[in-house]
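Single-letter residue listing:
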Amino acid sequence: MSATLETAPVARPQIRRNQLLINGEWCDSVRGETFATYHPATEEKITDVAQANAEDVDRAVKAARRAFEEGEWHDMDARDRGALLLKLADLIEQNIVELAALETLDNGKPIIDALNADLPLVIDCLRYYAGWADKIKGDTIPVRGNYFCYTRREPVGVVGQIIPWNFPALMVAWKWGPALAAGCTIVMKPAEQTPLSCLRMAELAMEAGFPPGVINVVCGFGETGAAIVAHSDVDKVAFTGSTEVGQIIMRDAAQTLKRVTLELGGKSPNVVFADCDIEAAVQGAEFGLFFNQGQCCCAGSRVFVEESIHSDFVERLVDRAKNRQLGDPFSPATAQGPQVDKDQFEKIMGYIERGKSSGADCRTGGGRWGDKGFFVEPTVFDNVTDDMDIATDEIFGPVMSVLPFREFDEVIERSNKTFYGLAAAVWTRDIAKAHSLAAKVKAGTVWVNCYDVFDAAAPFGGFKMSGIGRELGEAALANYTELKTVTMSLD
Ligand code: ADP
């Protein structure tokens, strides 16, 4: 496979599914509405996809409710649920090139990333949660009196899952894995920009043998998501996306007091001390920001660099940024593809203009790349100050802000001067400094001398306005279970 990849672009995949999946059947929306999805590198339409409205969502919720309350899934042993997740992981592995190509087509990300990062993480995540299915358990509780008291962890019920476009297939796995291991049933809405890999994964889930109604997929825009959040028979909503939409979802979910978990935006500090391995830190800063076209909620978008190495560091960083290869994401040589759509492209270009006019030094990039597709040049702003928009706002694009600093306490304070708290990183050879920063920075994940290291077993989520709850690891199972206490008299 890699030999082919090194020499030839990967072929565009066939589109097998563009309808809704409700109760195990592929169907058009009730009103027959559709929307188009585009390839961001060429701006060409890929296909039309069925667009679900509140009525379609209601049908999906009813199917999920039935599957939860009665029948095969309801009666299934936990270990058999795990076996189904393993089967799904195997089927995804067998179709990995096709799924990676779908991801590249719909999202624009380089095929090399889809194939070597996204899809292997998808498979690993599903296998990890397969192992949890029969290990979700309660406790026996020593209570006063002659009673036997124990707890049960029960599936929360029908869960609505609303995901973004930056890691379409991976977000499916992060959401399905723990929900299915726990025994929930699902109504999922993929992002309107990138529904295709989710639909194909749903088809593979049917092939794996998940009973009808366990996994339902309703495609559409924010209104479709809002219909899930508003539905009175959805027990829980798990959302990944922007902080703004997270706030709307939390407010709307209050109406029915749904359980809510939110994985939202960030403006993560990446702190480089003078005693670091400078080349490793430069590479880490490049990867931490430019990976996935800068479209990562945990992107290291504020790079704090200690003053004594600042100019050397920026020189090397600018060199690396200039050498990033942009182009056709289907070519295995491409390191950076286009942004996902025109809205994102324009938003990013707006931030670049504001960065320039606010007096930051644009050391490289700062413009559009090519004349077709939503490509943005890798951009590095130096001498950014904390109050500039490019230092405070989540840009979600290949735009890095470098901020010089002098003191440890100063950089902690400045790192924490944000509403966000998703991730942080530190580069140093001094272990006391590394642990001290890890303890003091207000972020759900801290990387030391590395960046973007994800593992299905390691929890991920935000402090402050970066979210509520944790994805991945044992922690995510809590999102999909209710704790029940049973007390029995022994008299
Ligand atoms: P991004 O800013 O990354 O595009 P959004 O937060 O806008 O992400 O969208 C993430 C997901 O939330 C998408 O699937 C989108 O359709 C959905 N969404 C947008 N608005 C709402 C809403 N009001 N209620 C529920 N879901 C929504």
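This text goes with the structure placed above it.
Just so you know, the residues in each chain are numbered from 1, in the order the chain's sequence is written. Predicted model: local features are reported for residues with pLDDT of at least 70 only, side-chain atom pairs are reported and counted for 80 or more only, and whole-chain, interface and lining totals are derived from all residues. The basis for the side-chain values is all heavy atoms of the structure; hydrogens and waters are excluded.

Q: Give a description of the overall build of the protein that names residues and reports values.
A: Here a strand is any run of E in DSSP of at least two residues, a helix any run of H or I of at least four, and the numbering for each starts at the N terminus. Across its full length, the protein holds 16 helices and 20 strands. Computation of the radius of gyration draws on C-alpha atoms alone. For the globule rule, the value is 2.2 Å times the number of residues to the power 0.38. Over its C-alpha trace the protein gives a radius of gyration of 23 Å, about what one expects of a compact globule, namely 23 Å for 491 residues. On the principal axes, the C-alpha backbone points of the protein span a range of 75 × 60 × 45 Å. Buried positions account for 58% of the 491 residues belonging to the protein. Whether a residue is buried, partly exposed or exposed follows from its accessible area with a 1.4 Å probe, protein chains only, as a fraction of its type maximum: under 20%, in between, or over 50%, in that order.

Q: Which residues make up the side chain of T364, and what values do they have?
A: With respect to the helices, strands and loops of the structure, T364 is situated in strand β14 (residues 361–364). With a relative accessible area of 9%, T364 lands in the buried category. Setting aside chain neighbours within four positions, we find T364 in contact with V318, A321, K322, P378, T379 and V380. Contact criterion: two residues are considered in contact whenever any of their non-hydrogen atoms come within 4.5 Å of each other.

Q: Now, about the site of the ligand: what can you tell me, with residues and values included?
A: Nearness is defined per residue: one heavy atom within 4 Å of the molecule or strand is enough. The immediate surroundings of the ligand are formed by 18 residues, with I163, W165, K189, E192 and S242 found nearest. At 2.8 Å from an oxygen atom of the ligand is found a main-chain nitrogen or oxygen belonging to I163. Polar contact is the term for a pair of N or O atoms within 3.5 Å; when the atoms are in protein, one must be able to donate a hydrogen and the other to accept it, and sequence-neighboring residues count only if both atoms are side-chain atoms. E192 is positioned with one of its side-chain polar atoms (N or O) 2.6 Å from an oxygen atom of the ligand.

Q: A description of the packing of aromatic side chains should follow, citing residues and the corresponding values.
A: Side-chain rings of Phe, Tyr and Trp (the six-membered ring for Trp) are treated as a pair once their centres are within 6.5 Å; stacked means planes under 30 degrees apart, edge-to-face means over 60, and tilted covers the remaining angles. Scanning the model with the defined rule gives 16 aromatic pairs in all. Consider the rings of W165 and F396, whose centres lie 5.5 Å apart with planes at 90°: the pair is edge-to-face. Here the residue W165 occupies a position in the loop between β7 (158–162) and α7 (168–182), and F396 occupies one in the loop between α14 (389–392) and β16 (399–405), the gap between them amounting to 231 residues. By relative accessible area, which is 10% here, W165 ends up buried. Taken together, a centroid distance of 6.4 Å and an interplanar angle of 50° make the contact between F345 and F374 tilted. Here the residue F345 occupies a position in helix α13 (residues 342–357), and F374 occupies one in the loop between β14 and β15 (379–382), the gap between them amounting to 29 residues. Comparing F345 with F374, the two get one shared label, buried. Aromatic ring contacts, followed pair by pair, group W174, W447, Y451, F454 and F460 into a single cluster. Geometrically, a charge over a ring is one whose NZ (Lys) or CZ (Arg) sits within 6 Å of the ring centre while staying within 35 degrees of the ring normal. Taking NZ or CZ as reference, R81 lies 5.9 Å from the ring centre of W73, over its face.

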